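Given next are the chains, with one letter for each unit.
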Amino acid sequence: MKRVRDASRLALQDGGGKTGGTQALRAKLLASASRYAGCGMYVHPVLVGGKEPRWHSWEDRATRDPQLIADTWGRAPFNIGIACGPSKLVVVDLDVPHEGELPPAEFADVTDGFSMLAALAHRAGAEMPQTMTVRTPSGGRHLLFRAPDSEVRNTARSLGWCIDTRAAGGYVVGIGSVIGGVPYTLEGNITAPADLPEWLLTLITSAPEPTKSGRAPRREEVVARLHTLTRQGTREQRWAAGILRSECDELAAMTAASGRNNRLNLAAFRAGQLVAAGLLGQAEAEEQLTAAALEAGLNDKSPYEVEKTLRSGMAAGLSRPRQMDDRAARRLGGAA
């Protein structure tokens, strides 16, 4: 066990960047997972190089057991998930916008989730909170806070532009984890979560619930509607419905865990382009894509993660309308 004891001395600040190989990366991730557990946080393995949980029922199985952590991260360089509920955490996820994503008109000077939060703090007459902050590979930030006694829920962009929250039922990826060759790193020198500020708690608890249409649609119902859509409407509408059908079929058929979230984002972007052109209804497209994502197994993720990806891709697509080109028009020219 000497290797495990030595690895546990590595500082949490070590982001686990480029190492000499898998063994070194595995040791750094083990050290980080052990450090989180030592600070009272519950961890679970996330796919190597990805964000999706390695364990089913990850929230129930998240652990602080040193031996289980050593056994798990001793096998492979799994990325680290921190289960917010068991860890009594609220995490404010400050994103960077996707291409084409614009802030609301009333916040025209805002450029990302961090500046959006600063604008909300200013509006509330408060200071930006100082707490443990993790820099993400995309350039965003995770602000970790101790959860209050009152119930706090996950939110997706309802608190503010490019801002999500993770609480009970959600998780975030931890320091040392690597996405696309870039690690999550500690920003600054604060290594413990602060109490969630009262003004921020008020904003989170008063944020509107994400729009839901009730239980997720059954895939067979969606497939039947897609078939109907491709046979109705104008030639352009049938063309658009055919693209949506193809996107949903390809997404639903994915069996490998890696890449499903990116595929959902791309499908939502392409559907958003057609919605912007007036060829698809947004609610219909989102329902179809949700059903396909669930069939692909993305229900293993938090539903808010699926909704976040769907909304992000759709928003980017809405800024770039797509019309039927001449080649597609010629191909469909003889269609009834």
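The sections below set out a description of the structure shown in this document.

Reading the values: rules and limits
Residues numbered from 1 in each chain as written. Predicted model: local features only at pLDDT ≥ 70, side-chain atom pairs only at ≥ 80, totals over all residues. Heavy atoms only, no water. Helix = DSSP H or I, 4+ residues; strand = E, 2+ residues; numbered from the N terminus. Buried < 20%, exposed > 50% of the residue type's maximum accessible area, 1.4 Å probe, protein only. Pairing = 2+ DSSP bridges. Axes fitted to C-alpha atoms, helices over the stretch in contact; angles between N-to-C directions. Contact = heavy atoms within 4.5 Å. Expected span 1.5 Å × (residues − 1).

We now examine the environment of Ser319. Of note, Ser319 is situated in the loop between helix 12 (303–318) and helix 13 (326–331). Look at Ser319 and you get partly exposed, because its relative accessible area is 38%. When the C-alpha positions of Ser319 and Gln273 are compared, they lie 7.2 Å apart, and in sequence the two are 46 residues distant.

What follows covers the pairing of strand 4 (residues 132–135). Pairing of strand 4 with strand 5 (residues 141–146), which is carried by 4 bridges, proceeds in the antiparallel orientation. Considered in strand 5, the bridge of Arg135 is made with Arg141. Hairpin connection between strand 4 and strand 5: a loop of 5 residues separates the two successive antiparallel strands, and Gly139 in this loop has a positive phi of roughly 100 degrees. Here strand 4 runs beside strand 11 (residues 185–187); their pairing, made up of 3 bridges, is antiparallel. By the bridge assignment, Val134 is partnered in strand 11 with Leu186.

Hydrogen bonding along the main chain pairs the strands of a sheet, whether they run parallel or antiparallel. Read from one edge to the other, the open sheet built from 3 strands follows the order 1-2-8, with strand pairing classed as antiparallel. The outermost strands of the open sheet, each flanked by one partner alone, are strand 1 (42–46) and strand 8 (171–173). Along the sheet, successive strands turn relative to each other by an average axial angle of 35 degrees, direction set aside. Pairing geometry for strand 1 and strand 2 (residues 79–83), over 5 bridges, is antiparallel. Bridging from a neighbouring strand, Val43 pairs with Ile82 of strand 2. Contacting strand 1 and strand 2, helix 4 (residues 66–75) crosses the sheet at an angle of about 20 degrees to strand 1.

Before going further, it helps to spend a moment on the environment of Ala37. Residue position: Ala37 is located in helix 2 (residues 22–38). On the accessibility criterion, Ala37 (6% relative accessible area) is buried. Spatially, the C-alpha atoms of Ala37 and Ile82 are 9.3 Å apart, while their sequence positions differ by 45 residues. Residues in contact with Ala37, not counting those within four places in the same chain, are Arg64 and Ile69.

What follows deals with helix 9 (residues 235–252). For helix 9, built from 18 residues, the straight-helix expectation of 26 Å at 1.5 Å per residue is met to within 8% by its first-to-last C-alpha distance of 26 Å. Regarding helix 9, the residues found buried are Arg238, Trp239, Ala240, Ala241, Ile243, Leu244, Glu247, Cys248, Leu251 and Ala252.

The next point concerns unusual backbone geometry. A positive phi angle is found at Ser57, which is not glycine, with a value near 50 degrees. Looking at the element boundaries, Ser57 is found in the loop between strand 1 and helix 3 (58–61). Phi is positive for Cys162, close to 65 degrees, though the residue is something other than glycine. Here Cys162 shows up in the loop between strand 6 (155–160) and strand 7 (163–166).

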